[in-house]
Amino acid sequence: MTTDPNAVIQYHNRSKHQLNAYAKGPESLDWDDQPNPFRRFSGCETVKLPTPGTELDCLFADLDKPERIAPRPLTLANLGLLLELSFGLSAWKQFGPDRWALRCNPSSGNLHPTEAYLLCTDSALLQPGVYHYVSRDHLLERRCRFDAGDLQSELYIGLSSIHWREAWKYGERAFRYCQHDIGHALAALSYAAACLGWSLELCGEAGDSQIAGWLGLDRVGDFVASEHEAADLFCRLHIGHQAVSGLDFEQLSQILQSAEWFGTADKLSGRHFYRWPIIEEVSQQAQKPVTAAERWQAPVSELPIPSHNGAASSLIRQRRSAQHFNGKAEPLPLADFQRMLLALLPSAKPPFSAWNWPAQVHIVLFVHRVAEMEPGLYLLPREAGDIEELRQAFSAEFVWQKAEAPFEFYQLTPGNVRQAAKTLSCHQPIASDSAFSLGMLARFASNVEAEAWRYRRLFWECGLIGQILYLEAEAAGVRGTGIGCFFDDAVHGVLGLKDNAWQSLYHFTVGEALNDNRLQTFPAYVHLTD
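Positions within a chain are numbered from 1, following the residues in the order the chain's sequence is written. Thresholds applied to this predicted model are a pLDDT of at least 70 for local features of residues and 80 or more for the giving and counting of side-chain atom pairs; totals over whole chains, interfaces and linings are not thresholded and use all residues. To obtain the side-chain values, all non-hydrogen atoms of the structure were included, while hydrogens and water were left out.

Peer 1: Give me the lowdown on the environment of Gly439, citing residues and values where you can.
Peer 2: Numbered from the N terminus, helices here are DSSP runs of H or I no shorter than four residues, and strands are runs of E no shorter than two. Along the chain, the position of Gly439 falls in strand E17 (residues 436–443). Only protein chains enter the accessibility calculation, which uses a 1.4 Å probe; a residue is then buried when its area is under 20% of its type maximum, exposed when over 50%, and partly exposed in between. Here Gly439 falls in the buried class, since its relative accessible area comes to 5%. Between the C-alpha atoms of Gly439 and Ala298, which are 141 residues apart in sequence, the distance is 23 Å. Contacts between residues were defined by any pair of non-hydrogen atoms, one from each residue, lying within 4.5 Å. Apart from the residues lying within four places of it in its own chain, the contact partners of Gly439 are His362, Ile363, Val364, Ser504, Tyr506 and His507.

Here it is, written out as structure tokens:
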């Protein structure tokens, strides 16, 4: 399999929003034909998982020291909790006749392109096979069965993307958003595992074609052509914290060759009025081959206790994406702000414990209202070795004033940056009415030119950072939301960047949310008890 980094870079440039033109997307939206947010397979046996909603004992701060959390046994109930806290429903919202579900893992536009699968060889837990998780009904669909023989008892989790779900609304830029959501999902899964005293190992050496074969995603006849799933990540679950050797991937592939498969995917949309062939093209060019295994050990760090240190499971379920912020709110306490930034630095805690590579993304912050901090543009370098290179790449007018903080943190320019933040984020007030907003600046050209699939990995890292911010905001008593719409090159222009060595890939904002009292809220799984 050969891939073309230049084709990937061309896609990236083509899918940028510009001040005078947005990336290509649908001219109108057929809301009656919005893709079904819940994938189902007809013709499969189902396994009902125990009732969701159990609260766990560990507090959010306990996740900073996951080795201290007592491991729970691997039972069907605890497996259900893992899936619920990472991919399950968190609430239903209703406005007039319209009703929609919120989930523990966020998604661009609440479209949820990410699907989750289990591959189980532990016959004491489930009959050996591949299972698809249906979050709406909190059950597993058995996609295949095989004879595990004397295989070691293991549980793997695979993630895939349905690009059509995002493309329906966002057109050509949708491929980016699907990669963000994979990063969010990986982080959500890592946090959920830690709540149970378990850990997650990302098998980043696996190639896309391997993962597709293991999960049945390469069974073309089982899917509607324009609604197929692209393989993304494959993870191994560790019960407890002691790592042990897992299955040989070649052995796994051989066993699955004789597997018996069941079911076909239900159609998600009745029509596909708009088509975006560039997404399929970049997906092919960014395919990941089998690579050498990499396991990067992050440093141990100490974080202060968050100001709202509630039960981790409760905090995960209450996570929401803010739609509006109070532009006149009191400043965010400095301690909360510093805790959030510390949590973004690589460390030996979730979700970085499920990440295999050194940091490639730095944080540029638009600080509006943080106590004891001068408003302005700031930089949080997540890899100290990159600071001098960033100095050379950024505008010569930046002051690079080191801020007082328990980490490397620089003021680039002082002053009111609210209008700049709003304009750069597609004129959205959520970027200026918050306490702060930020852009995630990735080491771009060198990564993509080295291996085209790293394009996706950069977005995964950004999504992982975004999930940290979501939960850290909740633990600070405020709220966050990801921003996928921003004017790419205008952001680079503000920073003084002249080429594609660095690119901003994701924006985020945190502040005091304004709630819409017109919306009704219902419990996540009330429909299972009606």
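Peer 1: Can you explain unusual backbone geometry? Please cite residues and give values.
Peer 2: Excluding glycine, residues mostly carry a negative phi; peptide bonds, for their part, are mostly trans. The step from Pro350 to Pro351 runs through a cis peptide bond, and the omega angle for that step is 0 degrees. The phi angle at Asn110 is positive, at roughly 55 degrees, despite the residue not being glycine. Following the sequence through the fold, Asn110 ends up in the loop between strand E4 (98–103) and strand E5 (114–120). With relative accessibility at 25%, the residue Asn110 sits in the partly exposed group. Even without a glycine there, the phi angle at His427 is positive, about 65 degrees. By the secondary structure assignment, His427 is in the loop between helix H11 (418–424) and E17. Assessed through its relative accessible area of 43%, His427 is described here as partly exposed.

Peer 1: Please give an account of the pattern of salt bridges that cites residues and values.
Peer 2: Any two side chains of opposite charge can pair, given that their charged atoms come close. Whenever a carboxyl oxygen of Asp or Glu lies within 4 Å of a side-chain nitrogen of Lys or Arg, that contact is scored as a salt bridge. One pass over the structure, following the stated rule, counts 33 salt bridges. Between Asp488 and Arg173 there is a salt bridge, and its shortest N-O distance comes to 3.1 Å. One end of the pair, Asp488, is in helix H14 (residues 488–495); the other, Arg173, is in the loop between helix H3 (163–170) and helix H4 (174–195), and 315 residues separate them in sequence. We classify Asp488 as buried; its relative accessible area is 0%. By relative accessible area, which is 1% here, Arg173 ends up buried.

Peer 1: With reference to specific residues and values, describe helix H2 (residues 76–87).
Peer 2: The end-to-end C-alpha separation of H2 is 16 Å, in line with the 16 Å expected for twelve residues at 1.5 Å each. Burial within H2 is extensive, with ten of its twelve residues counted as buried. Of all the residues in H2, the buried ones are Asn78, Leu79, Gly80, Leu81, Leu82, Leu83, Glu84, Leu85, Ser86 and Phe87. Between the first and last residue of a helix there are one fewer steps than residues, each counted as 1.5 Å, and that sum is the expected span.

Peer 1: Can you tell me about the packing of H4 against helix H13 (residues 454–475), naming the residues and giving the values?
Peer 2: In this analysis, axes come from line fits to C-alpha atoms, helices being fitted only over the stretch in contact, and the angle between any two N-to-C directions falls in the range 0 to 180 degrees. Look at H4 against H13: their axes get within 6 Å of each other, and the N-to-C directions meet at 50 degrees. With respect to their mutual orientation, H4 and H13 come out oblique. Of the two elements, H4 crosses H13, and the hand of that crossing is right-handed. Contact with H4, carried on its side by Phe175, Arg176, Gln179, His180, Ile182, Gly183, His184, Leu186, Ala187, Ala188 and Tyr191, involves Tyr455, Arg456, Phe459, Trp460, Cys462, Gly463, Leu464, Gly466, Gln467, Ile468, Tyr470 and Leu471 of H13 and no other residues of that element. The scheme is simple: roughly parallel for angles under 35 degrees, roughly antiparallel for over 145, roughly perpendicular for 65 to 115, oblique for anything else. The hand of a helix crossing depends on one turn: near helix anticlockwise from the far one by less than a right angle means left-handed, and clockwise means right-handed.

Peer 1: Break down the environment of Leu377 for me, citing the residues and quoting the values.
Peer 2: Along the chain, Leu377 falls in strand E14 (residues 376–380). The exposure class of Leu377 is buried, given its relative accessible area of 3%. In this structure Leu377 touches Val364, Leu365, Phe366, Phe398, Tyr410, Gln411, Leu412, Thr413, Val417, Val494 and Leu495, once residues within four positions along its chain are discounted.

Peer 1: Summarise the nonpolar core; cite the residues concerned and give the values.
Peer 2: Note on terminology: a nonpolar core comprises buried Ala, Val, Leu, Ile, Met, Phe, Trp, Tyr and Cys residues joined through side-chain atoms within 4.5 Å. Counting 120 residues, the largest nonpolar core has Leu82, Phe337, Leu365, Phe409 and Met440 as the members making the most contacts within it. Per element, the largest residue contribution to this core is 13 residues, and it comes from H13. Leave out the neighbours within four places in its chain, and Met440 touches Val361, His362, Ile363, Cys462, Ile465, Gly466, Leu469, Gln503, Ser504, Leu505, Tyr506 and Phe508.

Peer 1: Describe the packing of aromatic side chains, listing the residues and the values that go with them.
Peer 2: Stacked, tilted and edge-to-face are the three classes assigned to paired rings of Phe, Tyr and Trp, where Trp is represented by its six-membered ring and a pair needs centres within 6.5 Å; plane angles under 30 degrees give stacked, over 60 edge-to-face, the rest tilted. Tallying each qualifying case throughout the model produces 27 aromatic pairs. Between Trp214 and Phe234, the ring centres sit 4.7 Å apart and the planes meet at 45 degrees, which makes this aromatic pair tilted. Of this pair, Trp214 sits in helix H5 (residues 208–215) while Phe234 is found in strand E10 (residues 230–238), placing the two residues 20 residues apart along the sequence. Take Trp214 and Phe234: they sit in the same class, and that class is buried. Among the aromatic side chains, those forming a connected cluster through ring pairs are Tyr11, Phe175, Phe444, Tyr455 and Phe459. For a Lys NZ or an Arg CZ to count as sitting over a ring, it must be within 6 Å of the ring centre and within 35 degrees of the ring normal. The ring of Phe41 is capped by Arg39, whose NZ or CZ atom sits 5.9 Å from the centre of that ring.

So, to be careful, I would describe these as geometric facts and stop short of saying anything about function.
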